[in-house]
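Survey of secondary and tertiary structure
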Amino acid sequence: QVQVVESGGGLVQAGGSLRLSCAASGRTFSSLDLGWWRQAPGKEREFVAAVNWSGGSTFYSDSVKGRFTISRDNAKNTVYLQMNSLKPEDTAVYYCAVKLYSGSYYSRGSYTYWGQGTQVTVSS
């Protein structure tokens, strides 16, 4: 079992920045592939970004590429999502998820454990 806890959400104006954090415990953090997903009201959960166990490979959706940065600190058992140039359409609940097995980083079914989510609201 892996426990996943997100933090750092909030209300920000368009063009602003936020940094989300995700702590994962229950397995050796440095062996975990991790991802960020988001879900806006009335929409399906969508992939945002992911990072492999070493931090050497990162993956982004086209909608956030160039604005968001995923990173990890294995010494702190934490993965981050730095979000810059935020837009109202980035408003959603953001979820951190753990990918334990092989499969596409872009596929929701590849992720086994999920956090409860943190709300991000971007005002225009």
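Presented here is an overview of the structure given in this document. (Residues numbered from 1 in each chain as written. Predicted model: local features only at pLDDT ≥ 70, side-chain atom pairs only at ≥ 80, totals over all residues. Heavy atoms only, no water.)

In this section: the overall build of the protein. The helix and strand inventory of the protein stands at zero helices and eleven strands. Tracing the protein from N to C terminus, the helices and strands come up as β-β-β-β-β-β-β-β-β-β-β. Relative to the globule expectation of 14 Å for 124 residues, the C-alpha radius of gyration of the protein, 13 Å, shows essentially globular dimensions. Viewed in the frame of its principal axes, the protein has a C-alpha envelope of about 40 × 30 × 25 Å. (Helix = DSSP H or I, 4+ residues; strand = E, 2+ residues; numbered from the N terminus. Rg over C-alpha atoms; globule rule 2.2 N^0.38 Å.)

Taken together, the four strands give an open sheet; going across it, the order is S1-S3-S8-S7, and neighbouring strands pair in antiparallel fashion. Single-partner strands in this sheet number two, and they are strand S1 (3–7) and strand S7 (68–73). This sheet shows a mean twist of 15 degrees between the axes of neighbouring strands, independent of strand direction. Summarising the sheet, S1 and strand S3 (residues 18–25) pair through five bridges and their orientation is antiparallel. Its bridge partner lying in S3, Ser 7 is registered against Ser 21. (Pairing = 2+ DSSP bridges. Axes fitted to C-alpha atoms, helices over the stretch in contact; angles between N-to-C directions.)

Moving on, we come to the packing of aromatic side chains. In this structure the tally under the stated criterion is seven aromatic pairs. Ring centres of Trp 37 and Trp 114 lie 5.8 Å apart, and the angle between their planes is 65 degrees; on these two criteria the pair is classed as edge-to-face. Taken together, the positions of Trp 37 in strand S4 (residues 33–39) and Trp 114 in strand S10 (residues 113–114) put the pair 77 residues apart, joining distant regions of the chain. Overall, the relative accessible area of 23% leaves Trp 114 in the partly exposed class. An aromatic cluster is present here, built from Trp 37, Phe 47, Phe 59, Tyr 105, Tyr 106, Tyr 111 and Trp 114 joined pairwise through their rings. (Phe/Tyr/Trp six-rings, centres within 6.5 Å; stacked < 30°, edge-to-face > 60°. Buried < 20%, exposed > 50% of the residue type's maximum accessible area, 1.4 Å probe, protein only.)

This part covers the side chain of Lys 99. Within the element layout of this structure, Lys 99 appears in strand S9 (residues 92–99). Assessed through its relative accessible area of 5%, Lys 99 is described here as buried. Non-local contacts of Lys 99, meaning those with residues more than four positions away in its chain, are made with Asp 33, Ser 104, Tyr 105, Ser 110 and Tyr 111. (Contact = heavy atoms within 4.5 Å.)

It is worth spelling out the pairing of S4 at this point. Extensive coverage of S4 is indicated by the burial of six of its seven residues. In this structure, S4 lies alongside S9, joined through seven bridges in antiparallel fashion. Within the sheet, the bridge partner assigned to Gln 39 lies in S9 and is Val 93. One ladder, built from five bridges, connects S4 with strand S5 (residues 46–51); its direction is antiparallel. Counted as the bridge partner of Arg 38 is Glu 46 from S5. What sits between S4 and S5 in their antiparallel hairpin is a turn of six residues, with Gly 42 showing a positive phi close to 75 degrees.

The backbone of Asn 77 sits at a positive phi, close to 55 degrees, despite the residue not being glycine. For Asn 77, the location among the structural elements is in the loop between S7 and strand S8 (78–83).

On their own, these measurements won't tell you what the molecule is for.
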